[in-house]
Amino acid sequence: MNSLGRVLQARQAPAVLLVTLVLAVLAWFFGRLAIPIKFAAGSVPHRVPLAELIALVCAILIGFLTRPRLWHWERLGGARIRLMAAVTAVVGIILPLAPLLASVSTLPTGVRWAWLVANVLILAAAVQIVAPLLGPLLGGGVVLLLYFGYAVLDTTLPGLEPYLPLTAYSGLVLPPPGMELPEPPAHWMLAVVLGILAIAINTATRGATHWAIQLGNNEG
Amino acid sequence: MSMLRRFAGWPLGVGVLLGPAVLVVAATMFTSYEQWGYPYQDWVYTSLQFHEQLLLAGPIAAAAATYYGGRLVRAGRLFAQPCAVRAGGPVVVRHLVTLCGTFLVAYLIGLAPLVVLTIMYAQAGGPVFAGVVTGLLGMIMLTTLGYGIGAITGSAWLTPLTLVLAFVGVQSTAYAYDKFAAVDPVTNFAFTLGRVPAWPITGYRIAFFVFVTIAIAVVAARAARHQRRLHLPSAVSMGLFVLLVTAVVVPAITQPAIATEEIDPPQVCTDREGIEYCVHSGHRDELDTMVDTAATLFRFAGGPPDGVTKVRDTSLNASRDDASASDTIWVHLAPLNPTRKVTSQYVVLTLSGIQACWDKYPGAQITPEPMRIQHDLAAALSIKEGSAAWGAEFETDFTSLSIEELADWFSQHRTVIENCELTEQDLP
């Protein structure tokens, strides 16, 4: 086995692909559902697209599977270990798009979905930022919690929407015949910044901090 | 030290219980405070809130229990050494009593304002057993579920995951429609006076919640007693899991009814100007408002529509199976609907002929001309009455008419309105 094979083995590449595939199939079937969140009868519900939630779960699971399991050795490594951590982060940000794309491929033509790509990139980058700092499981949970908090905030205080980091789903809108719908505002800039930050943090820490490893020792 | 040991919170302290308990109180009040302001309360609706309000409080309790279980149960903890005698069942029971007790009390404190308001402002009746019991059992089940996740995986870091997944789970009735109403504490199906929870589904819910609670406690007790050498679930755990899946899938296929109608609901009636007005006795204080509003509108229209002899509260016949009976106007009285506005809405619906148009053009996509005129008429009537239930503040051909002129115009055009044949020439 060459060194690339060992890297793929250490980062559990088959399991990563399997998880992505299974979640893509789930998203293909159920991704068009949306979970309404509202707490007052009169307020407008915030709707969580299941495709987005599945992509976030995919990002968390990939973060967990690709965690550095030989960190006590890898922490001593040089440029090649850093490169591997950076590539792992990129994979962890890009692969969660697979369930999303599987889901949007079932949408009628003309429906705008590019904003969903930006949302998923932001969420996956956030997972990759927090995973080295807190550990993949707790870090993923924190991102999930923030995502839920965002939904609660959006339904409770709708006026805040322009200032929130994600684009909210506003219902499936079909374009009138012969016309095109405007693209909803997507936070591409934030996605790029968080992506770069995630790669930088993973490169700097080689995938995990001492603090995160200790947290994992206690609770993993 | 023995005092400390006797306290079930040892060795985590009280913070891990009291913190989430405060959150449960806050969450329950946050999701129910809108209902504190209803003009009156209704025991059926309030009793349902015992399970509906679990939407946020339930996942919080489950997440807190995950932390508690994840911290305390795993073999390998300093206070739970693999070589020590593992207590299993008694420990799990003690943990669950502590957790469920704390969160149930917190939940009841959160619901207390709504219950007190209902005791003060409900006009008849009492708590509905099915709603209250399934709500409290649902809280116990969600807490146990969260505890089980922590105890079985041995990880307190699953706490945020439990919170979000429990929310996605309890909210399933909102996006998977009625499929999971038999197994989900939160039904997302609010009904009011005049209907009662159906017994088959209530019995199933109670049995299911108790079963899940016991099953998870058993699996957690086994996890606490044994060191896991193999990472395979035991036959007992697998068997319970299969039973659980069956218990979720069967009602999702059969989809039993959630509510049935109250049989022979008690009613309060009165007569005015030849019209009989009836409400459910739980709405008896609303009767005067309803009669005044309807009578005013009938006066504006120069008398009630031909053939109408009754105005009735829909709580007296929730499914309105005789809605086609043309002698009755049904008014949907409920705590959420201010009585004057909703009476105006329903009476005007018939008076202005909109109901007739709906019957004549069922499912019409393009508003036919009479319907547009009748919407103007409806708005004018409800504005003159004062409730503006059909939209306010826009000028129509009827706004400038005095009440007498309007009544005259009405008596001249009665048949045209009732046949949905109004045209521009009929305008005053």
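On a predicted model such as this, the values are computed, not experimentally measured, just so you know.

Novice: How should I be thinking about the overall build of chain B in this particular structure?
Specialist: Along its length, chain B carries 15 helices and six strands. Taken across its 428 residues, chain B has 52% of its residues classed as buried. The contacts in chain B between residues at least 6 apart in sequence include a share of 72% that link residues at least 24 apart. On chain B, roughly 19100 Å² of surface is accessible, and the fraction owed to carbon and sulfur atoms is 63%.

Novice: I keep staring at the overall build of chain A and nothing clicks. Help me out?
Specialist: Tallying secondary structure elements over chain A gives 10 helices and two strands in all. Seen in sequence order, chain A has helices and strands lined up from the N terminus as α-α-β-β-α-α-α-α-α-α-α-α. For 220 residues, the compact-globule estimate of 2.2 N^0.38 gives 17 Å, and the C-alpha radius of gyration of chain A, at 19 Å, lies within 12% of that figure. Its C-alpha atoms put chain A at 60 × 35 × 30 Å along the principal axes.

Novice: Before we go on, may I ask you to explain the pattern of salt bridges in this structure?
Specialist: A pair can form between side chains of opposite charge whenever their charged atoms are brought close. Residue and element names in this part refer to chain B. One pass over the full model with this rule turns up three salt bridges over all chains. Arg272 serves as the salt-bridge partner of Asp292, at 3.0 Å between the closest nitrogen and oxygen. On the criterion of sequence distance, the pair formed by Asp292 in helix α11 (residues 287–300) and Arg272 in strand β3 (residues 267–272) is long-range, its members being 20 residues apart. Exposure remark for Asp292: the relative accessible area of 39% places this residue in the partly exposed category.

Novice: Can you help me understand the sheet that holds strand β4 (residues 275–280) of chain B in this one?
Specialist: Where strands meet in a sheet, backbone hydrogen bonds hold them as pairs that are either parallel or antiparallel. Residue and element names in this part refer to chain B. As summarised here, the arrangement of the four strands in space is β3-β4-β5-β6, forming an open sheet in which the pairing is mixed. Looking at strand neighbours, the two that pair on one side only are β3 and β6 (328–331), the edges of this open sheet. Neighbour-to-neighbour, the strand axes of the sheet open up by a mean angle of 15°, direction not taken into account. Two elements, strand β5 (residues 310–313) and β6, share four bridges in a ladder whose sense is parallel. The partner of Arg312 across the bridge, within β6, is Trp330. In the packing of α11 onto the sheet, the strands contacted are β3, β4, β5 and β6, and the crossing angle to β4 comes to about 150°.

Novice: Would you take a moment to explain unusual backbone geometry for this structure?
Specialist: Apart from glycine, the bulk of residues carry a negative phi angle, and the bulk of peptide bonds sit in the trans form. Residue and element names in this part refer to chain B. The phi dihedral of Gln255 falls on the positive side, at around 45°, and the residue is not glycine. Topologically, Gln255 is positioned in the loop between α10 (235–254) and β2 (259–261). For Gln255, a relative accessible area of 38% gives the class partly exposed. A positive phi angle, near 50°, is found at Glu273, a position not held by glycine.

Novice: Even after reading the chapter, I still don't get the packing of aromatic side chains, so can you show me in this structure?
Specialist: Aromatic rings in a pair are described by how distant their centres are and how their planes are angled relative to each other. All names here are of chain B. Tallying each qualifying case throughout the model produces nine aromatic pairs over all chains. Here Phe189 and Phe191 contribute two aromatic rings whose centre-to-centre distance is 5.8 Å and whose plane-to-plane angle is 55°, an arrangement assigned as tilted. The partly exposed category is assigned to Phe189, whose relative accessible area is 28%. Arranged with centres 6.3 Å apart and planes meeting at 65°, the rings of Phe208 and Phe209 form a pair that is edge-to-face. Each member of the pair, Phe208 together with Phe209, is buried.

Novice: Teacher, can you tell me more about the state of the cysteines here?
Specialist: A covalent bond between the sulfur atoms of two cysteines is referred to as a disulfide. Residue and element names in this part refer to chain B. Scanning the entire structure with this criterion turns up one disulfide over all chains. Note on cysteine connectivity: Cys269 is disulfide-linked to Cys278, with sulfurs 2.0 Å apart. When the S-S torsion is 110°, as for the bridge of Cys269 with Cys278, the disulfide is right-handed.

Novice: I keep staring at the packing of helix α3 (residues 43–52) of chain B against helix α6 (residues 129–153) of chain B and nothing clicks. Help me out?
Specialist: Describing two packed helices takes the angle between their axes plus the distance from one axis to the other. All names here are of chain B. The N-to-C vectors of α3 and α6 enclose an angle of 15°; their axes lie 7 Å apart at closest approach. Of the possible angle classes, the one that applies to α3 and α6 is roughly parallel. As for how α3 packs across α6, the hand of that crossing is left-handed. Where α3 approaches α6, its residues Ser47, Phe50 and His51 are matched on the opposing element by Gly131, Val132, Thr134, Gly135 and Leu136. Among the residues forming the contact of α3 with α6, the class breakdown is three nonpolar, five polar and no charged.

Novice: Teacher, can you tell me more about the pairing of β5(B) here?
Specialist: Side chains on a regular strand alternate between the two faces of the sheet. Residues and elements named next belong to chain B. Of the strand pairs in this sheet, β4 and β5 are connected by three bridges, and their pairing is parallel. Residue Glu276 lies in a different strand from β5, and its bridge partner there is Lys310. Viewed along the sheet, the connection from β4 through α11 into β5 turns out left-handed.

Novice: Help me understand the confidence of the model for chain B, please; the structure alone is not making it clear to me.
Specialist: Close inspection of predicted coordinates is inappropriate in any region flagged by low pLDDT. Residues and elements named next belong to chain B. Looking at chain B as a whole, the pLDDT averages 83, with 88% of positions reaching at least 70. Of all secondary-structure elements in chain B, the lowest mean pLDDT belongs to helix α1 (residues 2–6), at 50, while α6 reaches the highest, 94. For this predicted complex, the interface confidence score (ipTM) comes to 0.83, while the overall pTM stands at 0.86.

Novice: Honestly, the interface of chain A and chain B in this entry has me stumped. Any pointers?
Specialist: The figure often quoted for interface size is the accessible area lost as the parts come together. Each partner contributes residues to the interface: chain A has 23 residues there, and chain B has 23 residues. Taken together, both faces of the contact between chain A and chain B bury some 2200 Å²; the carbon and sulfur share is 75%. Linking chain A with chain B are zero salt bridges. One can count one residue pair in polar contact (both at pLDDT 80 or more) joining chain A with chain B. When residues of the side of chain A that touches chain B are traced back to their parent elements, those giving at least two are β1 (34–37), α8 (136–156) and α10 (210–219) of chain A. Looking at the side of chain A that touches chain B, the element that brings in the most residues is α8(A), giving eight residues. Taken together, the residues that form the side of chain A that touches chain B break down as 16 nonpolar, five polar and two charged.

Novice: How do you make sense of the environment of B:Gly307 when you look at a structure like this?
Specialist: All names here are of chain B. Note that Gly307 resides in the loop between α11 and β5. On the accessibility criterion, Gly307 (52% relative accessible area) is exposed. Considering only alpha carbons, one finds Gly307 and Asp292, 15 residues apart in sequence, at a separation of 20 Å. Not counting chain neighbours up to four residues away, the residues in contact with Gly307 comprise Ser326 and Asp327.

Novice: When you look at α3(B) in this model, what are you seeing that I'm missing?
Specialist: The α-helix winds at 3.6 residues per turn, so residues separated by three or four positions along the chain end up facing the same way. Residues and elements named next belong to chain B. Burial analysis of α3 places 10 of its 10 residues in the buried class, which makes it a mostly covered element. Trp43, Val44, Tyr45, Thr46, Ser47, Leu48, Gln49, Phe50, His51 and Glu52 are the residues of α3 that are buried. N-capping of α3 is provided by Asp42, with a side-chain oxygen placed 2.8 Å from the backbone N of Val44.

Novice: Explain a nonpolar patch on the surface to me, please; I cannot follow it from the model alone.
Specialist: Residues and elements named next belong to chain A. Together, Leu18, Leu21, Val22, Val25, Leu26, Trp28, Phe29 and Phe30 line one region of the surface with nonpolar side chains, adding up to about 830 Å² of accessible area. Tracing the backbone through its elements, the reader meets Phe29 in helix α2 (residues 13–30). Looking at Phe29, the relative accessible area reads 60%, which means it is exposed.

Novice: In this structure, what is going on with the pairing of β1(A)? I would like to understand it.
Specialist: All names here are of chain A. Burial along β1 is two-sided: Ala34 and Pro36 and Ile35 and Ile37, pointing in opposite directions, are all buried. Sheet analysis places β1 next to strand β2 (residues 46–49), joined by four bridges and oriented antiparallel. Bridge pairing in β2 places Ala34 opposite Pro49.

Conventions adopted
- Residues numbered from 1 in each chain as written.
- Chains lettered and ligands numbered in written order.
- Predicted model: local features only at pLDDT ≥ 70, side-chain atom pairs only at ≥ 80, totals over all residues.
- Heavy atoms only, no water.
- Helix = DSSP H or I, 4+ residues; strand = E, 2+ residues; numbered from the N terminus.
- Buried < 20%, exposed > 50% of the residue type's maximum accessible area, 1.4 Å probe, protein only.
- Contact = heavy atoms within 4.5 Å.
- Areas by Shrake-Rupley, 256 points an atom, 1.4 Å probe, with all protein chains shown as cover.
- Rg over C-alpha atoms; globule rule 2.2 N^0.38 Å.
- Salt bridge = Lys/Arg side-chain N within 4 Å of Asp/Glu carboxyl O.
- Pairing = 2+ DSSP bridges.
- Axes fitted to C-alpha atoms, helices over the stretch in contact; angles between N-to-C directions.
- Phe/Tyr/Trp six-rings, centres within 6.5 Å; stacked < 30°, edge-to-face > 60°.
- Disulfide = S-S within 2.5 Å.
- Parallel < 35°, antiparallel > 145°, perpendicular 65-115°, else oblique.
- Left-handed = near helix turned anticlockwise from the far one by under 90°.
- Nonpolar A, V, L, I, M, F, W, Y, C, P; charged D, E, K, R; others polar.
- Right-handed = clockwise from strand over helix to strand, strands pointing away.
- pLDDT = per-residue confidence, 0-100.
- Buried area = accessible area lost by both parts, 1.4 Å probe.
- Polar contact = N/O pair within 3.5 Å; in protein donor to acceptor, adjacent residues only side chain to side chain.
- Patch = residues over 30% accessible without salt bridge, like charges linked within 9 Å, V, L, I, M, F, W, Y side chains within 5 Å.

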